[in-house]
Structures are given as C-alpha cells and as structure tokens.
Amino acid sequence: MTIHVIGAGVTGLSFAKASKDEVNILESCERLGGKALSYKVETSVGTFGFDVGGHWFHYQRSPAVLDILKGLDLKAHTRKAFVYLHEQFFKFPIQQSYIWHPDEKFVGTVKKELQMVNYDHEYTNYEEMLQQSYGLTLYDSFFKDYNSKMYGIQDLSVIGVGRFETIRNVRTNRNVTGYNGDFVYPTGDIGASGIPLFLADHLRINYNKKVKSINITNKTMNINNETESWDTIVSTMPLNSLIGMINDVDDHILALSKQLKFSKGMILNLGVKRTQLQGDMSWVYFPDPHLHFYRVGFYSNVESSLAPLGYCSMYVECSPLFFSNKEEALAIVPTIIKELIEIGFIGHADEIVTTKAIYLDHNYCLPDTSKTKVIHHYLESAGIYSIGRYGSWHWSSQHEDMQQAWDLANKLTLRNLTKTKKMTQQSLVTQPF
Ligand SMILES: Cc1cc2nc3c(=O)[nH]c(=O)nc-3n(C[C@H](O)[C@H](O)[C@H](O)COP(=O)(O)OP(=O)(O)OC[C@H]3O[C@@H](n4cnc5c(N)ncnc54)[C@H](O)[C@@H]3O)c2cc1C
C-alpha cells in the first residue's frame, strides 16, 4: 500500500526514511528542505551561508532522531545567548541574570516575585502562563513585548498553552538552561540544510508536484491538474491550507480551520563586516517595542565557514507587528538596517556586503488544541495524518517533528502489517478445500 507524503521538509523526509511502507513524496518546490533550507551567496569578498533564521538542532527528548541522523557530521555547541534590555546585554535567560541589572529596586521586586511563583499552577492561556511563571515585573519588561513582537499579536491571552509552551519557557530562577542550552549544527558550509539533505539520501522525491486538491469521498487528489488515487496521506503542509484544499470537507471543520491563528515572518539575512560587538554571541532577544525585530543571531559565530574571514553572516527575525504582507515586510528593511547600526551590530551601511530577505507565509502557529484536536480526528478517520510544526499546528522544533514522523511511520507500518495479516487469514478461511 503506497502512502502519499505531502512535503519534503524534515518531517516528510523523516517519515519516508522511517517508513517500511512504500512512500510517494510529493514536493511542490524544486528543492527539498522546506523551512530548513540554506542559501549560499557569492560576493566579491567571498561566500556567505544563510539559513531561514537560526536553525539549531536540539534533540534532548527525542532519542529516535539521533538514530535517524547517525552518520551525519554534526558539531555540538553551547548557547551564548543574551537579552538586550534597557540598552544593556543580559545573559539569557533573563530570569537568572536580572540580578546584574543596575536598578536595585527592579532586582528586589523581580526577586520577590520569582520567589512567589507556584510551579504547580495550571494555565488557561499564554499570557497567564508568562505572568504566573516570571512575575509581573519581568513580564512587563521582557516577556510581554518580546512575545508580542514574535507572534505579531498584542493580546497574548488569545494564545493557548500547548504541549511545547512550557518546555520553551524556563519557569525558574534556578540554574536551568532550558531546551536550547546546547545544540548541534552540521559541520562545514552546508548550513542547516545538511539535515534534510542527509535524510533524503536514498529517497526518491517527486519535485514540482503540488497537491492542489483532495477529495475524501472518492479518495482522489489533484496533483498539478492530474488525478491520482490515495489510501493514506501524510501531510506536512500547514493544517489550515490542507483543510482549505479538501473539496468535500465538512463545513464545521472548514469553519474551525479558518479560526486558527498564525504569524507571518521575515528573516533578513545579512553578510557584513565584523564588528566588535558581535563577539561570539549565538543570538540576542530584543523586547524593545520600538525595534522592528525580536531576535538577531550570528550563523558564522556558530560555524565560521559561513562567512569569509573578517566578515559575519547574521540573521534578523523581523516582527510581524510591523507588516501583514511581503511588500510591507520588504519596506521595513531600511529601518531595520538603521536600527542594527544604532545598536552597533553593523558598523556602517557601507559594511553590508549582501542581504537576503526571506518572507514566510507561516512562521508560528498559535496553539489552539480545542480546535486542532477535532480537525485531526476528522482527518485521521479519513486516512489523512497531518504532522510536523505546521501540520500539527504547534510550535515544535525539527527534532520534535522528526520524532513525531518516526512514531507515525512505525504506527502505520504496524497497522498495515496487521491489515495484510488479517486479509491473508481471511483468504485462507474462504479458500475451498
Ligand atoms: C524562522 C524559523 C526559525 C526556526 N528555528 C529553528 C531552530 O532553531 N531549530 C529547530 O529545530 N527548528 C527551528 N524551526 C522549526 C523548523 O523549521 C520546523 O520544525 C521544521 O522545518 C518543520 O518541517 P516540516 O517538514 O514539518 O515543514 P516545512 O519545512 O514547512 O516543509 C513542508 C514542505 O511541504 C511542501 N508543501 C507545502 N504545500 C505543498 C503542497 N500543496 N504540495 C506539495 N508540497 C507542499 C513545502 O514546499 C515544504 O517543502 C524554525 C522555523 C522557522 C520558520
């Protein structure tokens, strides 16, 4: 039985690699990798390597992914991350480094509030989780504005608390580093795409195959205007887009999918002359509501071969609070560059060798499990499994998506084996003696 896999990003590729069934990988683009793509830009001073923002590989809770990646040359790194608060750099996470703040009153209040945190508290929404976990002072000075800028939404109480929200937030002032304290990254100048390229080895991918519509009743799909039959689909495209392309979808499910919220994104990659301030930082968080970005990172501080000697390759994650489409996003690039110069991350505009802006239609999916549970149940009963960060509709990283793909591949293989066994037994029983 063939399983149709929509998407050749890390999730679809991991599924295909782990599956014992026959798979047909359909990828709408001419390249594999999805969001884990890398780009090389040749310039007069040498080659710069960029990803789609920081794509550092965390793997702590997913033993199976280490198995899938066995043989890939990955180098281990320790995070050197900072928070830029009140025009000063604090080591990340801020709930541990706030004690270095020059304002004693601020330090005293935060300390008191952190001591009162109740770690057993249950949360109904994201705003409540942040306030209860860090106290109101840290919430007001860092978490509120940073998260609003990242998600592109002012009212954080409309965001649910899903499986990954508490993992992503270090709810303690003790010496715990959090989920991204250590990470691995492909060695050499291949960038983050080293991972999907490795996963794709020995897999046959059908490029330029865009799934345009799906019919559940007839079990057919339209791929580039040709009709194909299907039995099982594993989709990694965004959940709301998937539902939108099912032409006989239930009205209630369609209505639910239209209520799912997500942020758009723009990553501004830059090849620049090194400045002293960049030091060996991995990345920096920016809560300041006036700045048009929420995080800036340095690929070449992690992997030096991603920029020529004396230069740096960096990324800027721009806030969707300031744009709602690609045109508006590109229009804020000059402002972002001005702000980077003001901070000191770029010496002067002349020191920018190259820029590459990447616009994202889907960046963060705002978790809303009361709706996504119903949608996933509906899809699965029709033989469609929607997985990965965008298919599941949660904030996962690559290792979590790969683990999910691995688990599903094993589940479906077992299901298909049981089905085949039952069919064989039935045909033996019905055979005449
Ligand atoms: C800015 C940013 C920073 C991130 N940073 C990190 C990080 O530091 N560490 C980390 O581990 N993770 C990070 N992630 C998350 C990581 O990118 C995702 O977890 C992972 O790439 C999701 O892979 P995926 O295969 O599920 O989806 P995608 O990568 O989106 O792949 C889906 C694929 O489906 C294809 N497709 C879509 N529609 C169709 C269609 N109709 N027909 C056929 N094909 C279709 C697309 O072309 C694409 O190739 C980051 C993500 C972003 C956006």
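Please read all numbers here as calculations on a predicted model, not as lab measurements.

### Notes on the overall build of the chain
- Within the chain one finds 15 helices and 19 strands.
- Over its C-alpha atoms the chain spans a radius of gyration of 23 Å, differing by no more than 12% from the 22 Å that the globule rule assigns to 433 residues.
- Projected onto its principal axes, the C-alpha positions of the chain cover 90 × 55 × 40 Å.
- Counting all 433 residues of the chain, 55% fall into the buried class.
- Approximately 19900 Å² of the chain is accessible, and the part contributed by carbon and sulfur atoms is 51%.
- Side chains of the chain give 42 positive and 45 negative charges; the mean places of these two sets differ by 4 Å.

### Some points on the packing of aromatic side chains
- Applying the stated criterion to the full structure yields 29 aromatic pairs.
- Here Phe142 and Tyr146 contribute two aromatic rings whose centre-to-centre distance is 5.4 Å and whose plane-to-plane angle is 10 degrees, an arrangement assigned as stacked. Of the two residues, Phe142 and Tyr146 both sit in helix α5 (residues 126–151), four residues apart, roughly one turn of that helix.
- Relative accessible area serves as the criterion here: at 6%, Tyr146 is assigned to the buried category.

### Digging into the sheet that holds strand β19 (residues 384–386)
- In spatial order, the strands read β9-β2-β1-β13-β19; together these five strands make up an open sheet with parallel pairing. This sheet does not close on itself; its edge strands, each paired only once, are β9 (205–206) and β19.
- Where strand β2 (residues 22–26) lies against β9, two bridges are found, and the strand directions are parallel. When the bridges of β9 are listed, Leu26 appears paired with Asn206.

### Re the sheet that holds strand β18 (residues 352–360)
- Judged by pairing direction, the sheet is mixed, and its seven strands sit side by side in the order β7-β6-β15-β16-β17-β14-β18 without closing on themselves. Each edge of the open sheet is held by one strand with a lone partner, namely β7 (88–91) and β18. Strand after strand, the sheet turns through a mean of 25 degrees between neighbouring axes, direction not considered.
- In the sheet, strand β15 (residues 283–285) pairs with strand β16 (residues 293–298) via three bridges, with the strands oriented antiparallel. Looking at the pairing, Trp283 lines up with Gly297 of β16.
- Relative to the sheet, helix α12 (residues 333–343) contacts β6 (81–85), β14 (265–273), β16, β17 (311–318) and β18, its axis offset from that of β14 by approximately 50 degrees.

### Quick notes on the domain arrangement of the chain
- By the assigned domains, the chain splits into domain 1 (2–34 + 190–261 + 365–422), domain 2 (81–174) and domain 3 (264–360).
- Its C-alpha centre places domain 2 at a distance of 24 Å from the equivalent point of domain 3.
- Taken together, the contacts link 18 residues of domain 2 with 18 residues of domain 3.
- In total, domain 2 and domain 3 occlude about 1600 Å² of area from one another, counting both sides; carbon and sulfur atoms represent 72% of this.

### So, the pattern of salt bridges
- Counting across every chain of the model gives seven salt bridges.
- Note that Lys70 is salt-bridged to Asp67, the shortest N-O span being 3.2 Å.
- In this structure, Lys80 and Asp280 form a salt bridge, with 3.4 Å as the shortest nitrogen-oxygen distance. Separated by 200 residues along the polypeptide, Lys80 in the loop between β5 (74–78) and β6 and Asp280 in the loop between β14 and β15 bring together distant segments of the chain.
- For Lys80, a relative accessible area of 39% corresponds to the partly exposed category.
- Owing to a relative accessible area of 46%, Asp280 belongs among the partly exposed residues under this scheme.

### Some remarks on the site of the ligand
- The local shell around the ligand holds 33 residues, among which Thr11, Glu27, Gly54, Trp56 and Asp401 are the closest.
- For the ligand, a nitrogen atom lies 2.7 Å from a polar atom in the backbone of Gly54.
- Contacts to the ligand include Trp56, whose backbone N or O atom sits 2.7 Å from a nitrogen atom.
- Computed on the free molecule, the ligand has an accessible area of 1000 Å², of which 92% lies beneath the protein chains in the complex.

### So, the pairing of β2
- Bridging between strand β1 (residues 2–6) and β2 involves five bridges; their strand directions are parallel. Among the inter-strand pairings, Ile3 is bridged to a residue of β2, identified as Val23.

### Thoughts on α12
- Along α12, the residues that are buried comprise Val333, Ile336, Ile337, Glu339, Leu340 and Ile343. When α12 is viewed along its axis, its buried side chains cluster within an angular range of 160 degrees and face the same direction. Facing away from the buried side of α12, by more than 90 degrees, are the exposed residues Pro334, Lys338 and Glu342.
- Where α12 is buried, its residues meet β6, β14, β16, β17, α11 (326–331) and β18.

### Details of the nonpolar core
- With 52 residues, the main nonpolar core has Trp56, Ile94, Leu130, Leu138, Phe143, Tyr151 and Tyr285 as its most contacted residues.
- Of all the elements, α5 adds the most residues to this core, at 11 residues.
- Not counting residues within four places of it along the chain, the set of residues in contact with Trp56 comprises Phe183, Val184, Tyr185, Trp283, Phe298, Tyr299, Val302, Tyr315 and Gln398.
- Judged by nonpolar contacts, the second largest core, of 29 residues, contains Leu13, Ala16, Leu199 and Val234.

### Structural notes on unusual backbone geometry
- For the bond from Phe92 to Pro93, the omega torsion is 5 degrees, close enough to zero to count as cis.
- Assignment of secondary structure puts Pro93 in the loop between β7 and α3 (94–97).
- Despite not being glycine, Lys219 has its phi angle at roughly 55 degrees, a positive value.
- By the secondary structure assignment, Lys219 is in the loop between β10 (211–215) and β11 (220–223).
- Not every positive phi belongs to a glycine, and Asn225 is a case in point at roughly 70 degrees.
- For Asn225, the position within the fold is in the loop between β11 and β12 (226–229).
- For Asn225, a relative accessible area of 57% translates into the label exposed.

About the cut-offs
- Residues numbered from 1 in each chain as written.
- Predicted model: local features only at pLDDT ≥ 70, side-chain atom pairs only at ≥ 80, totals over all residues.
- Heavy atoms only, no water.
- Helix = DSSP H or I, 4+ residues; strand = E, 2+ residues; numbered from the N terminus.
- Rg over C-alpha atoms; globule rule 2.2 N^0.38 Å.
- Buried < 20%, exposed > 50% of the residue type's maximum accessible area, 1.4 Å probe, protein only.
- Areas by Shrake-Rupley, 256 points an atom, 1.4 Å probe, with all protein chains shown as cover.
- Lys, Arg positive; Asp, Glu negative; His and termini not counted.
- Charge placed at Lys NZ, Arg CZ, Asp CG, Glu CD.
- Phe/Tyr/Trp six-rings, centres within 6.5 Å; stacked < 30°, edge-to-face > 60°.
- Pairing = 2+ DSSP bridges.
- Axes fitted to C-alpha atoms, helices over the stretch in contact; angles between N-to-C directions.
- Contact = heavy atoms within 4.5 Å.
- Domains from an automatic or database assignment.
- Buried area = accessible area lost by both parts, 1.4 Å probe.
- Salt bridge = Lys/Arg side-chain N within 4 Å of Asp/Glu carboxyl O.
- Near = heavy atom within 4 Å.
- Polar contact = N/O pair within 3.5 Å; in protein donor to acceptor, adjacent residues only side chain to side chain.
- Arc of directions from axis to C-beta.
- Core = buried A, V, L, I, M, F, W, Y, C linked by side-chain atoms within 4.5 Å.

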